[in-house]
Amino acid sequence: MAESTPRKFTRRTFLGWQIAVLLTSTVIVGLAPIVVFLLPAPPKGQKKGPLSVSLPKSINELADGDVIKFDAPTTPNSAFLMADGGGDNAPGDLAFGGFVVKSEGKLNVLAINCSHLGCSVALNQDARTFDCPCHGSRFHLDGNVLHGPAAYPLSHLTWAKGKDANTIDVDGIVLGF
Amino acid sequence: MAIPHPREIQVAVVEWLDERYPFTKAVDEALYQRVPNFANAFYYCFGGMVFILVVLQLLTGILLSLYYVPDAGGNPAAAYSSVNFIQNSVYLGWLIRGVHFWGANLLIIMVLLHMARVYWTGSYRAPRELNWMVGVTMLLLILAFSLTGYLLPWDTKAYFATQVTIKIAGGVPPQQLGAFIRDILQGGSVVGPPTLQRFFTIHVFLLPAVIVLLMYVHFRFIRAHGISEPL
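Residues numbered from 1 in each chain as written. Chains lettered and ligands numbered in written order. Predicted model: local features only at pLDDT ≥ 70, side-chain atom pairs only at ≥ 80, totals over all residues.

Along the backbone of chain B there are 9 helices and 0 strands. Each helix (α) and strand (β) of chain B, taken in turn from the N terminus, gives the series α-α-α-α-α-α-α-α-α. Compactness check: chain B gives a C-alpha radius of gyration of 22 Å against a globular reference of 17 Å for 231 residues, more than 25% above the reference. Overall, the C-alpha framework of chain B stretches about 70 × 55 × 30 Å when taken along its three principal axes. For chain B, buried positions account for 21% of its 231 residues. Sequence separation of 24 or more characterises 65% of the internal contacts of chain B that already satisfy a separation of 6 or more. (Helix = DSSP H or I, 4+ residues; strand = E, 2+ residues; numbered from the N terminus. Rg over C-alpha atoms; globule rule 2.2 N^0.38 Å. Buried ≥ 20, exposed ≤ 12 C-beta atoms within 10 Å, placed from the backbone. Contact = placed C-beta atoms within 7 Å.)

All names here are of chain B. Every buried residue of helix α4 (residues 78-88) is accounted for by Ala-79, Tyr-80, Ser-82, Val-83 and Ile-86. Buried residues of α4 fall within an arc of 165 degrees about the axis and therefore sit on the same side. Against α3 (46-65), α5 (93-120) and α9 (193-225) lie the buried residues of α4. (Arc of directions from axis to C-beta.)

It is worth spelling out helix α6 (residues 129-151) of chain B at this point. Residues and elements named next belong to chain B. Under the 1.5 Å per step criterion, the end-to-end length of α6 is 34 Å for 23 residues, consistent within 8% with the ideal 33 Å. Where α6 is concerned, the buried positions are Asn-131, Gly-135, Ile-142, Phe-145, Thr-148, Gly-149 and Leu-151. Those residues of α6 that are buried lie in contact with α5, α7 (156-169) and α9. (Expected span 1.5 Å × (residues − 1).)

So, about the pairing of strand β12 (residues 167-174) of chain A. Residues and elements named next belong to chain A. In the sheet, strand β1 (residues 47-54) pairs with β12 via 8 bridges, with the strands oriented antiparallel. Of the residues in β12, the one forming a bridge with Pro-50 is Asp-171. The sheet contact formed by strand β3 (residues 78-81) and β12 spans 3 bridges and is antiparallel. Paired with Phe-80 across the two strands is Gly-172, which belongs to β12. Bridge analysis of strand β11 (residues 159-161) against β12 gives 3 bridges, and the strand direction is antiparallel. Paired with Ala-160 across the strands is Asp-169, a residue of β12. Taking the residues between adjacent antiparallel strands as the criterion, β11 and β12 are bridged by 5 residues. (Pairing = 2+ DSSP bridges.)

See the structure below:
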């Protein structure tokens, strides 16, 4: 077959291609619904909006250097959305916890995730810093980096005063799963 | 430039494969069997239809298992919620579950028709008795598939239907044997989460493995005996 002269587009060639196309389209028609079935279904009840968070202490009573840790509501399962971020964090990324911090007279709400690789930072009670347990990054209470490997400050959460002084409304998302 | 005929591509692929294992010979032996004229009647196709339906059941079953959660704990139970999710949220989930459901019903009809044909044409007689026995075993396996699959949606109908069937199985005399069978099936004192777990494992792991093996045996027997002559 290889040494024969180049084929012309004969009736037989046409029929061969026709069968190939027919079989291929049959297979595609059979497989397409399966591929569609495999696509992730949209989570039911997923909804962006402010999440109400109760704090153990009124935000008006916070002294300079005070830190309150809070978690995202779990009923329904929710997460906060970061307002900004660098490194591993980006605006719109999910955070499952955060801190209300009063530092140098300013009230900040920070996401819990380290900007290096996203581990949850913890308050260092004695040094009054946020320390990351994974690779030892340290942050000032205002979120700025004190020590690497993190290169970017902690992300902020968008928030507003809630219905009373013990409540804040933080931008987030009800996950729907 | 010459347009390559699909055949040339096909030949190149087949030649590459044949140099490594005699696939052409194996496929020829499997495919190029003379079909006697008497076997061209439509009722000789019932067995093949059963085979296609079983393949369809395996395929849709694997797809359903991607979303199904065999957990009867909680209210509503995750098992029920996941079936609800397949039916109402997953893209084309209603289609895949529908094919599985109706395929299961059709399968039993086709198995019975196939069995009736084999009986009608006397194909169960010597030397084919063993294949009849394998076939009857597979009929029972398919009924076991139906029984165990019926519980999996974990809705009220499934729950009480299974309670009834387990009660029937538990009625085997003597009383101690019946109680033993009931406890083994139920996995507890009532139909509950352990029952669902057992039925799920039987439906998804045990029965498919056994039926695929027996189908292979069934087909080898047919090849060994050939299609039986009409009466």
